[in-house]
Amino acid sequence: MKRPRTLAEPFKIKMVEPLRIATPDYRSKALEKAHYNPFLLHSDDVYIDLLTDSGTSAMSDHQWAAMMIGDESYAGSHSWEHLEKIVKELTGMPYVLPTHQGRAAERILYGILGGKNKVFISNTHFDTTRANIEFTGAQAFDCISDESLNHEIELPFKGNMDVKQAREIILKYGAEKISAVILTVTNNSAGGQPVSMENAMEVRALCNEFGILFVIDGCRIAENSYFIKHREKSYREKACIDIAREMLDLADGFVMSAKKDGLANIGGLLVLRDKTLAGKCTNLLIISEGFTTYGGLTGRDMEAIAVGLEEIFDEDYLHYRIKSTEYLGRHLHEKGVPLIRPYGGHAIYINAKELYPHIPVEQFPGQALVCNLYVQGGIRCVEVGSVMFGKYDENSKLIPAKSELVRLAIPRRVYTQSHIEYVIDVFDDILEQRTSAKGVKIVYEPPFLRHFTAKFSEV
Ligand code: F0G
């Protein structure tokens, strides 16, 4: 029987980076030295690095070529003019501020909009977004439906904002207290799930009704546009770039980490429609990031982002990108690995609590899986559960996170089909040994963002 054609990568390899393949024994010792926290491993000891899709993209020959003509002038650099032109064409917004990465754009914008007694609403605030908002003394509320949080239900747009919940918060606190409504596309912290155009339109209408600023956190807006094209009626014939433009047309502001769909290794953007707000942000940009024509970036970085922002909307690339993530998800699902469905755009999220039902949340089943994936296969990934989001009550008892997930984030254009096949194969061993998997306990933790530097020991 004829098998379906393999969806091969729409690029070929011009430069290679050798990978080291260590033995499970070596990795076991390396992990012990890293205190069972893969963030503390040497990257040379990692075979397949699925820690993040941020800043880990492989750049194209066009991007590298553009970097060679980067203009490093302090002011008025042509590389800045190139980037500004591309961003204006994408967003239709007149004020473009470059920053060194996404959270710098967040710090500037939410630093100005935030403050005590202020409230922000989002489908789901990403950690740095929430941290930058809460740092100003403001509150951040996530509005997402219970259905979207259910890992089993197959819905096309589980990243959507629950507009009814958002309205209730506006009515409760009063519209004048709401600094902004932020739509994160795709919704990273909710499984990389997409947001529909219909939902973006509803958010726009809500913001119009109450006179509230509407911001899109669009670091994965190209991936989101692909989902809209394939899941939302009436967009089937549209180009992904036009879908992204249509969505951005609805917003008053756009923040972007260029380390994701910018296909660059560093960079961020803050883009606004309002002149007064842009003026305030520009002052803070100059004080903290750099002059308006570079904002903490080199000219060559800006060239790489400008070219990346065009390449990302290549329809063949986006098709391959979303389908290859789905391929990993589908094969793991067929093996019986419990995961969030449907599959996200940039990552697959495994439900570690279900995989290891014998490990109590106090022994962090997600961290246990992260450790086993490293020892078994040299695969590095991140726990998104009670290590990352757990808190303590007044008796120092763990208040667990809503779920115990592990994220396998796929860097863009980096790994081939056979690397992904390898990851799928490693799960055979993970499943075979699931009942003997052991939990971990925390032996050291810092007061904030503990997952980065916490130390663990085996239970
Ligand atoms: N917003 C979203 C939705 C993100 O996913 C990230 C980063 C940021 C903002 C911040 O951007 O890293 O350039 O400062 N997410 C990375 C991740 C770190 O691994 O998901 P940044």
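Before reading on, note that the structure itself is shown above.
Notes on the structure in this doc start here. (Residues numbered from 1 in each chain as written. Predicted model: local features only at pLDDT ≥ 70, side-chain atom pairs only at ≥ 80, totals over all residues. Heavy atoms only, no water.)

Right, let's get into the packing of helix 3 (residues 78-91) against helix 12 (residues 299-311). Put simply, helix 3 and helix 12 touch, their axes get as near as 8 Å, and they point 25 degrees apart. Relative to helix 12, the element helix 3 lies roughly parallel. The chirality of how helix 3 crosses helix 12 is left-handed. Each of His78, Ser79, Trp80, His82, Leu83, Ile86 and Val87 in helix 3 lies in contact with helix 12, whose residues at this interface are Gly299, Met302, Glu303, Ile305, Ala306, Val307, Leu309 and Glu310. Broken down by class, the residue content of the contact of helix 3 with helix 12 amounts to 9 nonpolar, 4 polar and 2 charged. (Axes fitted to C-alpha atoms, helices over the stretch in contact; angles between N-to-C directions. Helix = DSSP H or I, 4+ residues; strand = E, 2+ residues; numbered from the N terminus. Parallel < 35°, antiparallel > 145°, perpendicular 65-115°, else oblique. Left-handed = near helix turned anticlockwise from the far one by under 90°. Contact = heavy atoms within 4.5 Å. Nonpolar A, V, L, I, M, F, W, Y, C, P; charged D, E, K, R; others polar.)

Surveying the vicinity of the ligand reveals 17 residues, the closest of which are Thr52, Arg103, Asp217, Ser257 and Lys260. Between the ligand and Gly102 there is a distance of 2.9 Å, counted from an oxygen atom to a backbone nitrogen or oxygen. Contact distances for the ligand include 2.6 Å between an oxygen atom and a side-chain N or O atom of Arg103. Protein contacts shield 93% of the accessible area of the ligand, which totals 470 Å² for the unbound molecule. (Near = heavy atom within 4 Å. Polar contact = N/O pair within 3.5 Å; in protein donor to acceptor, adjacent residues only side chain to side chain. Areas by Shrake-Rupley, 256 points an atom, 1.4 Å probe, with all protein chains shown as cover.)

Next up on the list: the sheet that holds strand 6 (residues 214-217). Taken together, 7 strands build an open sheet; the order of strands is 2-8-7-6-5-3-4 and the sheet is mixed. Two strands close off the open sheet at either side, each with one partner strand: strand 2 (95-99) and strand 4 (139-142). The mean angle between the axes of side-by-side strands here comes to 20 degrees, regardless of whether they run parallel or antiparallel. As judged from the 3 bridges shared by strand 6 and strand 7 (residues 253-257), these two strands associate in the parallel manner. Across the sheet, Ile216 pairs through a bridge with Phe254, a residue of strand 7. Running over the sheet, helix 5 (residues 127-135) touches strand 3 (119-122), strand 4, strand 5 (178-184) and strand 6 and is turned about 145 degrees from strand 4. Most of the contacts of helix 8 (residues 197-210) go to strand 5, to which it runs at about 175 degrees, and overall it touches strand 5 and strand 6. (Pairing = 2+ DSSP bridges.)

This part covers the nonpolar core. In terms of nonpolar packing, the biggest core is built from 62 residues, with Leu83 and Ile121 touching the most fellow members. Three or more residues apiece are contributed to this core by two domains, here domain 1 (24-53 + 314-458) and domain 2 (61-311). In contact with Ile121, other than residues within four places in its own chain, are Phe141, Cys143, Met161, Ala166, Ile169, Ile170, Ile178, Ala180, Val181 and Ile182. Formed by 33 residues, the second largest nonpolar core is a distinct cluster that contains Tyr47, Val370, Ile379 and Val423. (Core = buried A, V, L, I, M, F, W, Y, C linked by side-chain atoms within 4.5 Å. Buried < 20%, exposed > 50% of the residue type's maximum accessible area, 1.4 Å probe, protein only. Domains from an automatic or database assignment.)

Bringing the sheet that holds strand 11 (residues 382-384) into the picture now. Taking strand neighbours across the sheet as the criterion, the 3 strands line up as 9-14-11 in an open arrangement whose pairing is antiparallel. Each having just a single partner strand, strand 9 (347-351) and strand 11 make up the two edges of the open sheet. The sheet shows a mean angle of 35 degrees between the axes of neighbouring strands, direction not considered. Relative to strand 14 (residues 405-409), strand 9 runs antiparallel, the two being bridged by 5 bridges. Across the sheet, the residue bridging to Ile348 is Leu408, located in strand 14. The strands touched by helix 13 (residues 315-335) are strand 9 and strand 14; relative to strand 9, the strand with the most contacts, the crossing angle is about 20 degrees.

Turning our eyes to something else, we now look at the pattern of salt bridges. Evaluation of the coordinates by the stated rule reveals 26 salt bridges. For Lys14, the salt bridge goes to Asp61, with nearest N and O atoms at 3.7 Å. On the criterion of sequence distance, the pair formed by Lys14 in the segment before helix 1 (24-33) and Asp61 in helix 2 (residues 61-68) is long-range, its members being 47 residues apart. For Arg341, the salt bridge identified is with Glu154, shortest N-O distance 2.6 Å. Taken together, the residues span a long stretch of sequence, with Arg341 in the loop between helix 13 and strand 9 and Glu154 in the loop between helix 6 (146-149) and helix 7 (163-173) at a distance of 187 residues. (Salt bridge = Lys/Arg side-chain N within 4 Å of Asp/Glu carboxyl O.)

A word on helix 9 (residues 221-231). Most of helix 9 sits out of view: 9 of its 11 residues are buried. Of all the residues in helix 9, the buried ones are Ile221, Ala222, Glu223, Asn224, Ser225, Tyr226, Phe227, Ile228 and Lys229. Of the surrounding elements, those touching the buried residues of helix 9 are helix 8, helix 10 (240-249) and helix 13.

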